[in-house]
Amino acid sequence: MIQVKRGVEFKIIPDCFAVLCRVLEEVYHSQNTFAMITGAGYENYEVGSYHDRGFAWDVRTTNLQYPQNAIYAIRRKLEKDSSCWYLKYEEEKNNEHLHIAYKYDKYPVSPGY
């Protein structure tokens, strides 16, 4: 299951993010929890960033028992699909999350929904 934090708004959902959703579901389910999208496109992101254009999500990691293992599995599964993904684990105080972006400027995709 994938949940969305209250207040998160999506500018668009690019078609390529269907792959990301499948991967998040698999990995989080393997740790008996769910993925929570905590940031997408409209919330206080720098203009010109992948978030601002709708091509990045932040996903909560605090509910993972083994976050580093999950991040490795997500990276491995996404890279199996293509090398167009950028992942960064951000350890901000009380806001640990995984930043996941699709490098649309290098790998054009359809705009999605």
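Computed from a predicted structure; not experimentally measured.

Visitor: Sorry if this is basic, but what is going on with the pattern of salt bridges here?
Guide: Side chains that differ in charge, positive against negative, can pair when their charged atoms come close. Tallied over the entire structure, the rule returns 2 salt bridges. Between glutamate 26 and arginine 22 there is a salt bridge, with its nearest N and O atoms 3.3 Å apart. Residue glutamate 26 and its partner arginine 22 are both found in helix α1 (residues 17-30); the two are separated by 4 residues, about one turn of the helix. According to the relative accessible area criterion, glutamate 26 is partly exposed, its value standing at 33%. The salt bridge involving glutamate 26 is made with lysine 77; its shortest N-O contact spans 3.1 Å. Of this pair, glutamate 26 sits in helix α1 while lysine 77 sits in helix α2 (residues 67-81); the two residues are 51 residues apart in sequence, bridging distant segments of the chain.

Visitor: Got a minute to help me understand the side chain of glutamate 90 in this structure?
Guide: Note that glutamate 90 resides in strand β4 (residues 85-92). Although glutamate 90 lies buried, it forms no salt bridge, and the closest oppositely charged side chain, lysine 88, sits 4.2 Å away as judged by the N-O distance. At 2.7 Å, the side chain of glutamate 90 forms a polar contact with the side chain of histidine 97. If we ignore the near neighbours within four places in the chain, the residues touching glutamate 90 are Asn95, Glu96, His97 and His99.

Visitor: Where do I start with the confidence of the model for the protein in this structure?
Guide: Fine structural detail should not be taken from predicted coordinates in areas where pLDDT scores are low. With 88% of its residues at a pLDDT of 70 or more, the protein has an overall mean of 83. The weakest mean pLDDT in the protein belongs to β4 at 84; the strongest belongs to strand β1 (residues 2-4) at 94.

Visitor: Help me understand the nonpolar core in this model?
Guide: One broad rule of soluble globular proteins: the nonpolar side chains tend to lie buried together. Ranked by size, the top nonpolar core spans 29 residues in total, and within it Ile74, Leu78, Trp85 and Ile100 carry the most contacts. Secondary-structure elements contributing two or more residues to this core are α1, β2 (35-39), β3 (56-60), α2, β4 and β5 (95-102). No other element matches α1, which puts 7 residues into this core. Non-local contacts of isoleucine 74, meaning those with residues more than four positions away in its chain, are made with Val23, Leu24, Val27, Tyr28, Leu87 and Leu98.

Visitor: Sorry, what's going on with the sheet that holds β4 here?
Guide: Hydrogen bonding along the main chain pairs the strands of a sheet, whether they run parallel or antiparallel. The sheet built from 5 strands is open, its strands ordered β1-β2-β3-β5-β4 with mixed pairing. The open sheet is flanked by β1 and β4, the only strands paired with a single partner. For this sheet, the mean angle separating the axes of adjacent strands, direction not counted, is 30 degrees. The pairing of β2 with β3 spans 2 bridges and is classified as antiparallel. The residue of β3 that forms the bridge with glycine 39 is aspartate 58. Running over the sheet, α1 touches β1, β2, β3, β4 and β5 and is turned about 10 degrees from β3.

Visitor: Help me understand α1, please; the structure alone is not making it clear to me.
Guide: Helical geometry: 3.6 residues make up each α-helical turn, so side chains three or four residues apart lie on a common side. In this model, α1 (14 residues) spans 20 Å end to end at C-alpha, consistent with the 20 Å of a helix rising 1.5 Å per residue. Of all the residues in α1, the buried ones are Phe17, Val19, Leu20, Val23, Leu24, Val27 and Tyr28. In an axial view of α1, the angular spread of the buried residues amounts to 145 degrees, which keeps them on one side of the axis. Exposed side chains of α1 directed beyond 90 degrees from the buried face belong to Ala18, His29 and Ser30. Immediately beyond the C-terminal end of α1, within one or two residues, lies asparagine 32, with a positive phi of roughly 60 degrees.

Rules used in this analysis
Residues numbered from 1 in each chain as written. Predicted model: local features only at pLDDT ≥ 70, side-chain atom pairs only at ≥ 80, totals over all residues. Heavy atoms only, no water. Salt bridge = Lys/Arg side-chain N within 4 Å of Asp/Glu carboxyl O. Helix = DSSP H or I, 4+ residues; strand = E, 2+ residues; numbered from the N terminus. Buried < 20%, exposed > 50% of the residue type's maximum accessible area, 1.4 Å probe, protein only. Lys, Arg positive; Asp, Glu negative; His and termini not counted. Polar contact = N/O pair within 3.5 Å; in protein donor to acceptor, adjacent residues only side chain to side chain. Contact = heavy atoms within 4.5 Å. pLDDT = per-residue confidence, 0-100. Core = buried A, V, L, I, M, F, W, Y, C linked by side-chain atoms within 4.5 Å. Pairing = 2+ DSSP bridges. Axes fitted to C-alpha atoms, helices over the stretch in contact; angles between N-to-C directions. Expected span 1.5 Å × (residues − 1). Arc of directions from axis to C-beta.

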